[in-house]
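Structural description and commentary
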2 protein chains.
Amino acid sequence: MGKQARTPQAREDRVKAILAAALDQFSQAGFDAARLDDIAAQAGVAKGTIYLYFESKERLLEALVASTISAPLEALEKRVAASPASASDLLRDFGAFMTQAAADPDRRRVMHLVFSEGARFPALARFHHREVISRGSALIRAIIAKGRASGEFVHDEPERFPQLAFAPALVAAVWLHVFDPIEKLDASGLIEAHIAMLLRALTREVL
Amino acid sequence: MGKQARTPQAREDRVKAILAAALDQFSQAGFDAARLDDIAAQAGVAKGTIYLYFESKERLLEALVASTISAPLEALEKRVAASPASASDLLRDFGAFMTQAAADPDRRRVMHLVFSEGARFPALARFHHREVISRGSALIRAIIAKGRASGEFVHDEPERFPQLAFAPALVAAVWLHVFDPIEKLDASGLIEAHIAMLLRALTREVL
DNA sequence: CGAAAAAATGACCGAAAGGTCATTTATCAT
DNA sequence: ATGATAAATGACCTTTCGGTCATTTTTTCG
C-alpha cells in the first residue's frame with residue numbers, strides 16, 4: 001500500500017541530472033546568460049520538468065551550491081579534533097585537502113560561481129561561508145593554536161587571518177577558470193609550495 | 001578652421017561619466033543584469049548617446065577594464081629596475097602596492113569583474129593578464145631573483161609561483177565583494193601579515 | 001482492463017532589455 | 001541671422017528567455 005512515487009531512485013537521478021546540467025551551464029555562461037532550455041536539454045528533460053523540482057532559476061542555483069557540500073572537510077575536522085598528529089602534519093593535510101579540492105572540477109566551478117554571483121545572491125554567499133569558509137577557518141585556527149601550544153609554531157598570522165592559509169585554493173579556482181587558457185597553472189605545485197613556505201614562516205625561531 | 005568637436009573636454013567628461021556609471025552598474029548587478037538604461041541615466045545621458053561612444057555593451061565592458069590601468073605598478077617597476085633598495089624592502093613595497101590596490105574600490109571592482117566575467121569574455125581576461133597579472137608576476141620574480149642573488153633570500157617559491165605573492169590581493173578583492181557583509185575583513189592587516197610571513201619564509205637559513 | 005491520479009511535456013505568454021534611427025537640439029561658419 | 005553640420009535624444013522595434021499550464025503520457029490500483 002505504498003503511496004510515494006514508484007521511482008525513488010529515478011526521482012533522485014533526475015534531480016542529479018538537472019543539477020549537473022545546471023552546474024555546467026551556469027559555470028559556462030554565467031547565471032544570467034545560462035538558459036533553462038539548455039539546462040533542460042542537457043539533462044534530458046523538458047523545461048517544465050525543472051519547475052517540478054525547483055521553484056525558480058535562482059532556487060536552482062542555490063540548490064546547486066548546496067548540493068556540493070564538503071565531505072572531505074568533515075574528515076579533516078575529525079582528524080584535527082582527535083589529533084594524534086603534529087600541527088605541521090595537520091597543516092600538510094590541509095594542503096592535501098586544498099590540492100584535492102582544486103583538482104575537482106565540480107568543486108572549482110561551484111567555488112567560482114560563488115565568487116562570481118555571491119555578491120548578487122546573498123543566500124549563496126551565506127551558505128558557502130557557513131559550510132566551507134568558516135569551517136575551513138576554524139580548522140586553520142585550531143591547527144595553528146595547537147602548534148603554538150606545543151611549541152611547533154612561534155607565529156600566529158594564520159590564526160588572525162585564516163584567509164592566508166587557504167588563499168591559494170581561491171587563487172587556483174579563479175585562475176583555472178579565467179586565466180588558464182592564457183597561462184597554465186600547476187595548482188598542486190602552487191599549493192605544495194605554499195604549504196612549504198607556510199611551515200617555514202611559522203616554525204622559524206624569533207630572529 | 002577647426003572641425004573637431006566643439007568640446008574636447010566635454011567629450012572626455014562624458015566618456016568618463018559613462019564608464020563610471022558602467023562600473024557601478026556592472027559591479028552591482030553583474031554584466032548581464034546591468035541595464036544600459038540605468039547606466040545612461042546614472043551617467044546623465046540618453047541610452048543612444050552611449051552608442052555614440054561604444055559599439056556594444058560588451059565593448060563598453062572592455063573599455064571599462066582597459067580604462068583602469070595601473071599607474072602605481074609602473075612606479076614600482078621603475079623602482080625595482082633602478083634598485084638601490086634591498087629585496088626585502090622591495091617586497092615590502094609590493095605589499096604597500098597591494099594594500100593600496102585593495103583599498104581602492106574602483107580597482108577592486110574591476111578586479112572582481114575580471115574574475116567574474118573573464119571566463120566568458122576572453123578579451124577581458126587577456127587584457128588584465130597582460131596589463132596587471134603578468135607585470136605583477138615579473139615584478140615578483142625580479143624581486144625574488146635579486147634577493148637570492150644578494151643572499152637575502154634562500155628560497156624560491158614565489159619565483160616559481162608568483163601567484164603566492166599576490167594571492168592576498170585577489171582574496172581581498174573577492175572577499176570584500178562577496179563575504180564582507182557576513183564577516184568583515186581587514187585587508188591591509190591581511191596583506192601586512194602576509195608580507196611578514198613571506199619575508200620569514202624566504203630569508204630563513206637552511207635548517 | 002480501465003479509470004483515476006501523478007508526472008512530464010513543450011507551445012505559449014509577457015516582460016525585459018539591447019540596439020536603432022527619425023527627430024530634435026546645439027554648435028559653427030559665413 | 002541662418003543655413004549647414006554634428007551631437008544627442010528617447011520612442012520604438014525585435015529578440016530572447018523565465019515561467020505557466022492545458023494536454024499528453026505513464027503509473028497505480030481495484
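- Per an unreviewed UniProt entry, the recorded name for chain A is Transcriptional regulator, TetR family, and the organism is Rhodoblastus acidophilus.

**Some remarks on the relation of the copies chain B and chain A**
- For the pair chain B and chain A, the relating rotation is 180°, the translation along its axis is 0.0 Å, and the fit reaches an RMSD of 0.0 Å. Expressed as an axis order, the relation between the two copies is that of a two-fold axis.
- Comparing contact sets, 100% of the residues at the interface of chain B also lie at the interface in chain A, consistent with an isologous, same-surface contact.

**Regarding the UniProt feature "domain: HTH tetR-type" (unreviewed entry) in chain A**
- UniProt tags residues 12-72 of chain A as "domain: HTH tetR-type" (unreviewed entry).
- Here residues 12-72 of chain A is 74% helix and 0% strand, with 23 Å between the C-alpha atoms at its ends.

**Quick notes on the pattern of salt bridges**
All names here are of chain A.
- Going through the model one piece at a time under the given rule, you end up with 38 salt bridges over all chains.
- A salt bridge links K78 to E74, with the shortest nitrogen-to-oxygen separation between them at 3.7 Å. Taken as a pair, K78 and E74 lie in helix α5 (residues 71-82) at a separation of four residues, close to a single helical turn.
- Classification of E74 by relative accessible area gives partly exposed; the value is 39%.
- Taking the shortest distance from any N to any O, the salt bridge between D93 and R79 comes out at 2.3 Å. Remark: R79 occurs in helix α5 and D93 occurs in helix α6 (residues 87-103); sequence separation between them is 14 residues.
- Through salt bridges with shared partners, one network takes in E77, R130, E131 and R135.

**Here we look at helix α10 (residues 163-178) of chain B**
- The first and last C-alpha atoms of α10(B) sit 21 Å apart over 16 residues, in line with the 22 Å expected at 1.5 Å per residue.
- α10(B) sits mainly inside the fold: 16 of its 16 residues count as buried.

**Focus: helix α8 (residues 122-150) of chain B**
Residues and elements named next belong to chain B.
- The terminal C-alpha atoms of α8 lie 40 Å apart, and with 29 residues this matches the ideal 42 Å at 1.5 Å per residue to within 8%.
- The axis of α8 is deflected most strongly, by about 45°, at H129.
- Positioned one or two residues after α8, G151 has a phi angle of 90°, which is positive.

**Describing the packing of helix α10 (residues 163-178) of chain A against helix α11 (residues 187-203) of chain A**
All names here are of chain A.
- Running from N to C, α10 and α11 cross one another at 165°; their axes reach a closest spacing of 10 Å. Here α11 runs roughly antiparallel to α10, going by the angle between their axes. Classified by chirality, the crossing of α11 by α10 is right-handed. Packed against α10, whose contacting residues are L164, A165, P168, V171, A172 and L176, the element α11 presents A187, L190, I191, H194 and L198 at the interface.
- Here the residues of the contact of α10 with α11 are counted per class, giving 10 nonpolar, one polar and no charged.

Quick notes on the rules
- Residues numbered from 1 in each chain as written.
- Chains lettered and ligands numbered in written order.
- Predicted model: local features only at pLDDT ≥ 70, side-chain atom pairs only at ≥ 80, totals over all residues.
- Heavy atoms only, no water.
- Least-squares fit on C-alpha atoms with pLDDT ≥ 70 in both.
- Contact = heavy atoms within 4.5 Å.
- UniProt positions renumbered as here; feature names shortened; annotations may be inferred.
- Helix = DSSP H or I, 4+ residues; strand = E, 2+ residues; numbered from the N terminus.
- Salt bridge = Lys/Arg side-chain N within 4 Å of Asp/Glu carboxyl O.
- Buried < 20%, exposed > 50% of the residue type's maximum accessible area, 1.4 Å probe, protein only.
- Expected span 1.5 Å × (residues − 1).
- Bend = angle between axes of the 7 residues up to and from the residue.
- Axes fitted to C-alpha atoms, helices over the stretch in contact; angles between N-to-C directions.
- Parallel < 35°, antiparallel > 145°, perpendicular 65-115°, else oblique.
- Left-handed = near helix turned anticlockwise from the far one by under 90°.
- Nonpolar A, V, L, I, M, F, W, Y, C, P; charged D, E, K, R; others polar.

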